[in-house]
Amino acid sequence: MYSLLNLNINFSKSDIANSSVVLDNDSGYVLGYHSSLNYEVFRQLGSTIKPLVVYVPALEEGQVNLATPIDDEQISFRGWSPKNYGDKYFGIITPREAIKKSSNTVAVKIASYIGESKLVEYGRKFNLTLTDKDKNLTTALGATEKGQSPLRLATAYSTFANEGQIVTPTFIRTIINKDRKIWAHQTNSKTIISSETAYLIADCLYDTVEDGTARSLSSLPFKVAAKTGTVSDDKSGQNSDAWCVSFNKKYTLSVWHGDSNETGGGYPTKHASNLWKDLHQTTE
């Protein structure tokens, strides 16, 4: 597992900074962890934040449902004009389609419906490091005052696999002294969203693999759900950060690539695919 976390085939070039986490959903055990930077990485999440702070509260608060028609169009909020990737707009679409296509304008529109304070309120439920300065619409696209870590992102997304319960992650299972177990981890979980909302968001993220931004994972011999995200470097025009977070009922994987302006956002998804294949082989 460790070798796959940092195997060169997962990167466009050899100097890509990266970090990956593999979680067991039920227990919160960290099954694999790697950071090429030798410390816990905190970076901007890009579009991976959308389900957590936009679509979950929108469903929980009854502002929209997954079939609500919303115009994916160029918009402006107090002089700020969010844009879709490639300036491509889809017209009237539903939130389910917007998640699959990762529409920025629809996410910001829905964020404006639920209110900026709700973005932070729900982000904190998912244990994201959000401050009061994040009570603004740019948070809907992952631009936050403080970055988030791959471990926090994996923990947040495992909530969808756990029917709305967030499980505290742990690196330590037991402590043994002189062949005697003196401490054992007790799983700590808390319900933070309804099981219905968790199911609906997970269903949309399975769609995102089938026919959306994470479709390169559809070649796996089993089903996973996923969300991708990128953050553009304004100077180079390439990605300063690229993410893929994915899960099934058993595991959640979070992969981050960054710092060296890796072209395209597909490499973290390829990386995740290789990790899933290894997990499948070792647990068969």
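Preceding block: the structure.
This text gives an overview of the structure that appears in the document. Every value quoted in this text rests on a predicted model; they were computed, and no experiment measured them.

1. Observations concerning the environment of Lys 270
Then, in step 1: Along the chain, Lys 270 turns up in helix α8 (residues 267–283).
Then, in step 2: Lys 270 sits in the partly exposed class, given a relative accessible area of 39%.

2. Regarding the environment of Thr 68
Then, in step 1: Among the structural elements, Thr 68 can be located in the loop between α2 (50–60) and β3 (70–72).
Then, in step 2: Here Asn 65 takes part through its backbone nitrogen, which lies 2.9 Å from a polar atom of the side chain of Thr 68.

3. Looking at helix α7 (residues 195–211)
Then, in step 1: The end-to-end C-alpha distance of α7, which contains 17 residues, comes to 24 Å, matching closely the 24 Å that a straight helix rising 1.5 Å per residue would cover.
Then, in step 2: Three or more residues of α7 are buried, namely Thr 197, Ala 198, Ile 201, Ala 202, Cys 204, Leu 205, Thr 208 and Val 209. The arc that holds the buried residues of α7, viewed along the axis, is 160°, so those residues lie on one side. Along α7, the residues that are exposed and aim more than 90 degrees away from the buried face are Glu 196, Tyr 199 and Asp 211.

4. As for the environment of Ser 158
Then, in step 1: Along the chain, the position of Ser 158 falls in helix α6 (residues 150–161).
Then, in step 2: With a relative accessible area of 2%, Ser 158 lands in the buried category.
Then, in step 3: Sequence separation between Ser 158 and Tyr 113 is 45 residues; the distance between their C-alpha atoms is 26 Å.
Then, in step 4: Not counting residues up to four positions away in its chain, the partners in contact with Ser 158 are Asn 25, Gln 165 and Thr 252.
Then, in step 5: In this structure the side chain of Ser 158 is engaged in a polar contact, spanning 2.7 Å, whose partner is the backbone oxygen of Thr 155.

Cut-offs used in this document
- Residues numbered from 1 in each chain as written.
- Predicted model: local features only at pLDDT ≥ 70, side-chain atom pairs only at ≥ 80, totals over all residues.
- Heavy atoms only, no water.
- Helix = DSSP H or I, 4+ residues; strand = E, 2+ residues; numbered from the N terminus.
- Buried < 20%, exposed > 50% of the residue type's maximum accessible area, 1.4 Å probe, protein only.
- Polar contact = N/O pair within 3.5 Å; in protein donor to acceptor, adjacent residues only side chain to side chain.
- Expected span 1.5 Å × (residues − 1).
- Arc of directions from axis to C-beta.
- Contact = heavy atoms within 4.5 Å.

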